[in-house]
There are 2 protein chains.
Amino acid sequence: MVKPMNKYEALKLKYQLCFPLYCASKEVIRRYRPLLERLNLTYTQYITMMAFWEYKSLNVKELGKLLMLDSGTLSPLLKSLEAKKFVARVKSEKDNREVIFVITDEGESLKERAVEIPQEIAGCISLSFDEAKQLHVLLNKILEK
Amino acid sequence: MVKPMNKYEALKLKYQLCFPLYCASKEVIRRYRPLLERLNLTYTQYITMMAFWEYKSLNVKELGKLLMLDSGTLSPLLKSLEAKKFVARVKSEKDNREVIFVITDEGESLKERAVEIPQEIAGCISLSFDEAKQLHVLLNKILEK
DNA sequence: CGAATTTATATTGTATACAATTAAATTGTA
DNA sequence: TACAATTTAATTGTATACAATATAAATTCG
């Protein structure tokens, strides 16, 4: 019998989808930690730097949309990346409310040291290429609108 | 062309598996929030109560193993569930270091109000039954040591 | 037995997340 | 053009996460 048998069965941890999702997310971030320590980055700072490696310059709102984070999370995060000299704050000409952050040379050079990380992480995650692709598709279904 | 084309392509957000995993986990927790608010529970408190609904009585170590959380997270969490009278602290007879938490009547009655949540959440997540099962399998692969 | 080690939990410190609020700047519009 | 509404970011407050440390109790073992 596979299906839950009484009205409370559905409340057991083992039948939840959210729980392994939540655990797997934390577990993967845990596996990044020793690799990112070498770059003096946390996981959230790492994905933020990915955005800057790609886009060079972003305001808080654009970054928030890319990373699905709000200013309550990003403000202190950016302050910390700024303190580490990986990004710099510049003021917008056209709108004084806007705060633009640009990647620094030091932030760019960090990319050289990060370039091996995707391979290293792939080696720590026990999924085949096809399974990873499948997982990607399923996660995106959860995320779409 | 599907594969990354220069040595930095692999550092783009869109090629990461960790990132949709991290976003999907937060997104699912976000969808629980309005449902759990009615029970005066956060998501982490909810999965903790799931453990107590099933096991009635647990010490911090057992709970940590079930939920993959350490005492640094669980101590304040249990203090809060205790303040809400959903669990109570009892002292162990056989080992004075151990702190046992037991579910209260109020904690048990919360289960009645939680019983609809799994169905409600399933309705908010755009995955078929089969897709959810697939996802479960893939996530467990990541989690298995 | 008794010191050294191990174990169980709590505390401290740092870094997210996110709701709610605030403040400043811009925009829409009567 | 005044001025209400909206927008952008920062701040505040609450709740995780987790590493590192502290503390007390149990266990190991010489």
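Residues numbered from 1 in each chain as written. Chains lettered and ligands numbered in written order. Predicted model: local features only at pLDDT ≥ 70, side-chain atom pairs only at ≥ 80, totals over all residues. Heavy atoms only, no water.

> Tell me about the relation of the copies chain A and chain B, and please be specific about residues and values.
Note that the two copies of the chain are related through a rotation about an axis and a translation along the same axis. It takes a turn of 180° to lay chain A on chain B, together with a shift of 0.0 Å along the axis; the resulting RMSD is 0.0 Å. Read as a symmetry element, the transformation amounts to a two-fold axis. Interface residue correspondence from chain A to chain B reaches 98%, placing this contact among same-surface, isologous pairings. (Least-squares fit on C-alpha atoms with pLDDT ≥ 70 in both. Contact = heavy atoms within 4.5 Å.)

> Now, about the sheet that holds strand β2 (residues 87–91) of chain B: what can you tell me, with residues and values included?
Hydrogen bonds along the backbone pair up the strands of a sheet, which may run parallel or antiparallel. Residues and elements named next belong to chain B. The strand order β1-β3-β2 describes an open sheet built from three strands, whose pairing is antiparallel. In this open sheet, the two strands that pair with only one neighbour each are β1 (57–59) and β2. Looking at each pair of strands side by side, their axes are set apart by 30° on average, direction ignored. Note: β1 against strand β3 (residues 99–103), three bridges, orientation antiparallel. Residue N59 lies in a different strand from β3, and its bridge partner there is I100. The strands touched by helix α2 (residues 43–55) within the sheet are β1, β2 and β3, with β3 carrying the most contacts at an inclination of about 80°. Of the strands in this sheet, β1 and β3 are in contact with helix α3 (residues 60–67), which crosses β1 at around 95°. (Pairing = 2+ DSSP bridges. Helix = DSSP H or I, 4+ residues; strand = E, 2+ residues; numbered from the N terminus. Axes fitted to C-alpha atoms, helices over the stretch in contact; angles between N-to-C directions.)

> Describe the domain arrangement of chain A, and please don't skip the residues or the numbers.
The assigned domain composition of chain A is domain 1 (41–107) and domain 2 (115–145). The centre of domain 1 of chain A, based on its C-alpha atoms, is set 25 Å off from the matching centre of domain 2 of chain A. (Domains from an automatic or database assignment.)

> Lay out the pattern of salt bridges in plain terms, naming residues and giving numbers.
A complete count under the given rule lists 20 salt bridges over all chains for this structure. One salt bridge connects K94 of chain A with E98 of chain A, and the closest N-O pair in it is separated by 3.2 Å. Note on K94 of chain A: relative accessible area 72%, which makes it exposed. Taking the relative accessible area as the measure of exposure, E98 of chain A reaches 18% and is therefore buried. Two residues, E27 of chain B and R30 of chain B, come together in a salt bridge whose shortest N-O distance is 3.1 Å. Of the two residues, E27 of chain B and R30 of chain B are both situated in helix α1 (residues 18–37); the distance of three residues between them amounts to about one turn of the helix. Judged by its relative accessible area of 15%, E27 of chain B is buried. Counted as one network, the salt bridges with shared partners bring together E27, R30 and R31 of chain A. (Salt bridge = Lys/Arg side-chain N within 4 Å of Asp/Glu carboxyl O. Buried < 20%, exposed > 50% of the residue type's maximum accessible area, 1.4 Å probe, protein only.)

> Any chance you could break down the interface of chain A and chain B for me, citing the residues and the numbers?
How large an interface is tends to be reported as the accessible area lost when its parts come together. On the chain B side, the residues contacting the 57 residues of chain A number 57 residues. Here chain A and chain B share an interface that buries about 5,600 Å² over both sides, 70% of which is from carbon and sulfur atoms. Ranking the residues of chain A by area buried against chain B places L11, Y22 and I142 of chain A at the top, with a combined share of 12%. For the interface between chain A and chain B, the tally reads four salt bridges. One salt bridge in this structure joins K141 of chain B and E131 of chain A, with 2.4 Å as the shortest N-O distance. The interface formed by chain A and chain B contains 14 residue pairs in polar contact (both at pLDDT 80 or more). (Buried area = accessible area lost by both parts, 1.4 Å probe. Polar contact = N/O pair within 3.5 Å; in protein donor to acceptor, adjacent residues only side chain to side chain.)

> Pulling in residues and values, what's your account of the protein's contact with DNA strand C?
Inspection of the region around DNA strand C gives 27 residues, with Q45 of chain A together with Y22, R30, S71 and R97 of chain B positioned closest. Each atom of DNA strand C within 4 Å of the protein was classed as base or backbone; sugar and phosphate made up 74%. One of the side-chain nitrogen or oxygen atoms of Y22 of chain B is found 2.5 Å away from a phosphate oxygen of DNA strand C. S75 of chain B is positioned such that a nitrogen or oxygen atom in its side chain is 2.7 Å from a phosphate oxygen of DNA strand C. Mapped onto the surface near DNA strand C, the elements with two or more residues apiece are α2 (43–55) and α4 (71–83) of chain A together with α1, α3 and α4 (71–83) of chain B. (Near = heavy atom within 4 Å.)

> I'd like a description of the packing of aromatic side chains, backed by residues and values.
Under the defined criterion, the tally for this structure stands at 10 aromatic pairs over all chains. A centroid spacing of 5.6 Å and a plane angle of 45° characterise the contact between Y32 of chain A and Y46 of chain A, whose relative ring orientation is tilted. Here Y46 of chain A lies in helix α2 and Y32 of chain A lies in helix α1 (residues 18–37), a separation of 14 residues in the sequence. Y46 of chain A matches Y32 of chain A in its accessibility class, with the two residues each being buried. Among the aromatic residues, those joined into a ring-pair cluster are F19 and Y22 of chain A together with Y32, Y43, Y46 and W53 of chain B. Sitting over the ring of Y8 of chain B, K111 of chain A keeps its end group 4.3 Å from the ring centre. (Phe/Tyr/Trp six-rings, centres within 6.5 Å; stacked < 30°, edge-to-face > 60°. Lys NZ or Arg CZ within 6 Å of the ring centre and 35° of its normal.)

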